[in-house]
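Structural overview for review
Letter by letter, the chains look like this.
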Amino acid sequence: MGAGTEMTLRLSRLEWWLAAFAVALIVVAGYLGVTWASSQAEKQQLNAQLTTLQQALGRIEQSMAGPTFPTAPPGLQLVDLAARSAREAGLEVVTIHSSSVSPEQIGRNVYRGTRVTMRVTGASDQVVEFFGRLEREAVASMVIENMELDLVNRRWEMSLEIFAYAQPS
């Protein structure tokens, strides 16, 4: 082969198909490699989010474990809370009575409690303030039931029962 001689490469039809197939395989392999690498990065991000969600779910499940009941009913503490909240909200306490609730079996547990029945009168903003004070200073396991609210001579008359339950050890 001399200085001016050109070399030509002759490929048969089969060799052209094989060369094209090899190039196509290299392109597909490159595409799959890039796709795999990006999916691994996305997998790491999703795993981090999953860990965060699992931790949040664990905290939510712990908070939903149910109320912790005191071992003894609050007694006069509940009466004081109800009367003080009404008075500080500006409501007039018409009547207030307290009594112990007979032990009740609910499911597998037995609960004792205290009931405060009261009747108060006042303006609507005073009623709202009363409930706000009850909420802020609530006794554990406190429930408000049987509430009646009537507008009489432009003043609200409200009667309600407040229960607080305890679960003896």
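The structure under discussion appears in the preceding block.
As a further point, take the environment of Glu92. For Glu92, the location among the structural elements is in strand β1 (residues 92-106). Among the residues examined, Glu92 registers a relative accessible area of 46% and is labelled partly exposed. When the C-alpha positions of Glu92 and Val120 are compared, they lie 5.4 Å apart, and in sequence the two are 28 residues distant. Glu92 has contacts with Arg119, Val120, Thr121 and Arg155, leaving out every residue within four places of it along the chain.

One pass over the structure, following the stated rule, counts six salt bridges. We note a salt bridge from Arg84 to Glu137, for which the minimum N-O separation is 2.4 Å. In this pair, Arg84 is assigned in helix α2 (residues 76-89) and Glu137 in the loop between α3 (124-136) and β3 (142-152), connecting sequence segments 53 residues apart. Classification of Arg84 as partly exposed rests on a relative accessible area of 22%. Each of Glu88, Glu129, Arg133 and Arg136 takes part in one network of salt bridges that share partners.

Of all hydrophobic cores here, the largest spans 18 residues; its most connected members are Met118, Phe130 and Ile162. Those elements that provide at least two residues to this core are α2, β2 (109-122), α3 and β4 (155-166). Among the elements that line this core, the one with the most residues is α2, at six residues. Residues contacting Phe130, with those up to four places away along its chain left out, are Ala82, Ser85, Ala86, Ala89, Leu91, Met118, Met158 and Leu160.

For the rest of this paragraph, the subject is the packing of aromatic side chains. If you walk through the whole model with that rule in mind, you get two aromatic pairs. Between Phe163 and Tyr165 the ring centres are 6.0 Å apart and the planes differ by 10°, which places this aromatic pair in the stacked class.

This brings us to unusual backbone geometry. Residues apart from glycine generally show negative phi values, whereas peptide bonds are mostly found in trans. Despite not being glycine, Asn146 shows a phi value in the positive range, around 50°. Backbone geometry places Arg154, a non-glycine residue, at a positive phi of 60°. Here Arg154 is to be found in the loop between β3 and β4. For Arg154, a relative accessible area of 80% translates into the label exposed.

Closest axis-to-axis distance for the α2/α3 pair is 8 Å, and the angle between their directions is 140°. By the angle class used here, α2 and α3 are oblique. The way α2 lies across α3 gives a crossing that is right-handed. Residues Leu81, Ala82, Ser85, Ala86, Glu88 and Ala89 of α2 pack against Gln126, Glu129, Phe130, Arg133 and Leu134 of α3. Looking at the contact of α2 with α3, its residues break down into six nonpolar, two polar and three charged.

Conventions and cut-offs
Residues numbered from 1 in each chain as written. Predicted model: local features only at pLDDT ≥ 70, side-chain atom pairs only at ≥ 80, totals over all residues. Heavy atoms only, no water. Helix = DSSP H or I, 4+ residues; strand = E, 2+ residues; numbered from the N terminus. Buried < 20%, exposed > 50% of the residue type's maximum accessible area, 1.4 Å probe, protein only. Contact = heavy atoms within 4.5 Å. Salt bridge = Lys/Arg side-chain N within 4 Å of Asp/Glu carboxyl O. Core = buried A, V, L, I, M, F, W, Y, C linked by side-chain atoms within 4.5 Å. Phe/Tyr/Trp six-rings, centres within 6.5 Å; stacked < 30°, edge-to-face > 60°. Axes fitted to C-alpha atoms, helices over the stretch in contact; angles between N-to-C directions. Parallel < 35°, antiparallel > 145°, perpendicular 65-115°, else oblique. Left-handed = near helix turned anticlockwise from the far one by under 90°. Nonpolar A, V, L, I, M, F, W, Y, C, P; charged D, E, K, R; others polar.

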